[in-house]
Amino acid sequence: MPPPEPLRENVVRVEAPGHRFTLLATPGGDFLGADDAGDLAVLREADDRVVWEEIAGGYRHVGTGQHVEAKAGASGDRLLTWRGHAVGGDGCPGARPTPFRPVRGPDRLPSEYLRTFRERGWVCLPAVLDADTVDGLQRVAGCGPWSARTHDRGVSALDQHAAVARASAEPVSLWLTRRYMGTDEIRFAHPPSFAVLDRDDGERDVQGWHSDFPYLWGIDRRVGAGRIPELRTGDMVLGVQRNICVTDFTRGNGATRFKLGSHRRNEGPPPDWGLGVDFARPGHRKRHGLPYGGPDADVIEAPAGSVLLFDARTWHRAGLNATDGKRAAILQAVTPPWIMPFADSGAAFKTFLASSPWTEITDRERRELESLLVYEIVGPRGRQAITVDRELTERRGVNAGTGAP
Ligand SMILES: [Fe+2]
């Protein structure tokens, strides 16, 4: 079978790095760093202050140049010493020694990534997830060594394996998303969901060009319109799309097609590129052929375990898989908390609470998932968690379903 679409896009290849930094996590999952005064401290956010470089006998703090000595503890943990004193779980020297866990860090400083993100509207942390996490994600997706399995769409992905929560709480990409959006309060607009793409058969329906949630330009029923008006919103960012590469993403296996930089236009993709709203109609591909795939479009290739962040306004569409291996990603639309979500994440959080993966993750990961998935009304009665009300939904008679993002 010939390739289902001509491969003519501009390829942007993000390579797996040869060198990367280390984060040192407490048993609760927070990070040892140096605060603004240069003292050791345990910090909740993965910014430059928590970045360490492994050196002989310990770690060097990249920002301040301070060293901690490390001795191997149980199950890969490290007992740390700073200026002759054991480092405790609160980062204070002289306290009871606490085991710290070395965690795979980024290959560049978070602040460098942020600069790139702001300049280009997208950034990719290549292979930032460790091998165990990638294996867990591939097991859930039914790809890679787990190809004999089929992804189960009937059970929330978070409930299927702790790797989904771990990947969702990857700390550097969350910090970048918060800073790019200009708010600490970010939410997932729908529960983490898998997109698994197998070989294209030359006939099946495909996705057209669109901007992601909450804009949905090119997707809404009215061509050219979306949920957010095409206004000059300036620096205000209403959505970041966070795609976690569960497998390698290559041009041949259906890596996402982009028009990089198009977020700056504050408008949807051109109709002659083939919009999502058109390709959502069954049989559209058979009648009209494929959406645009020429040299004005880009493909970002990245290794499994990468986290790709892009401004949700960026025009894009799924590629077509011309290989026998499945291509899989976790899709996460991230918005400020005052944007109405795309699906009820609170309900998914409740089932996650009762699942076994909830017991297998750190306190930090639990805190992040709760904050990302639970929406609240903040008002005279304080903070109140909200979710879908079945009675009111039935009364309105509008429960037609929204489908997957
Ligand atoms: Fe999309």
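Residues numbered from 1 in each chain as written. Predicted model: local features only at pLDDT ≥ 70, side-chain atom pairs only at ≥ 80, totals over all residues. Heavy atoms only, no water.

### Examining the sheet that holds strand 1 (residues 10-13)
(1) Moving on: The strand order across the open sheet formed by four strands is 1-16-15-18, and the pairing between neighbours is mixed. Among the strands making up the open sheet, the edge pair consists of strand 1 and strand 18 (315-317). For this sheet, the mean inter-axis angle between neighbouring strands, taken without regard to orientation, is 30°.
(2) Moving on: Relative to strand 18, strand 15 (residues 257-259) is paired through three bridges, and the arrangement is antiparallel. Each bridged residue has a counterpart across the sheet, and for K259 the counterpart in strand 18 is W315. (Pairing = 2+ DSSP bridges. Helix = DSSP H or I, 4+ residues; strand = E, 2+ residues; numbered from the N terminus. Axes fitted to C-alpha atoms, helices over the stretch in contact; angles between N-to-C directions.)

### Section: empty space enclosed by the protein
(1) Moving on: One pass over the full model with this rule turns up one cavity of 30 Å³ or more.
(2) Moving on: Roughly 40 Å³ of internal volume is contained in the largest cavity.
(3) Moving on: For the largest cavity, the full set of lining residues is C245, F249, T256, F258, I300, A302 and L308. (1 Å grid on protein atoms, 1.4 Å probe; cavity = no way out; pocket = protein on both sides within 12 Å on 5 of 7 lines; lining within 4 Å. Points joined across faces, edges and corners; volume = space filled by probe spheres on them.)

### Details of the coordination of the iron ion
(1) Moving on: Taken together, the protein ligands of the iron ion are H210 (NE2), D212 (OD) and H316 (NE2), with distances of 2.2 Å.
(2) Moving on: We note that the donor set of the iron ion lies within a single chain, spaced as H-x1-D-x103-H. Residue D212 is found in the loop between strand 13 (193-197) and strand 14 (240-245), and its partner H316 is found in strand 18; the two are separated by 104 residues along the sequence.
(3) Moving on: The class for D212 is buried, based on a relative accessible area of 11%. (Donors = N, O, S within 2.8 Å, 3.2 Å for Na, K, Ca; no water. Buried < 20%, exposed > 50% of the residue type's maximum accessible area, 1.4 Å probe, protein only.)

### Quick notes on the packing of aromatic side chains
(1) Moving on: A full pass over the atoms with the stated rule returns nine aromatic pairs.
(2) Moving on: Centre to centre, the rings of F117 and Y180 are 3.9 Å apart; their planes meet at 10°, and the pair counts as stacked. Of this pair, F117 sits in helix 1 (residues 110-120) while Y180 sits in helix 5 (residues 171-181), and the two are 63 residues apart along the sequence. Across this residue pair, the class does not change: F117 and Y180 are buried.
(3) Moving on: Both rings, one in W273 and one in W315, keep their centres 5.8 Å apart while their planes meet at 80°; by these two values the pair is edge-to-face. (Phe/Tyr/Trp six-rings, centres within 6.5 Å; stacked < 30°, edge-to-face > 60°.)

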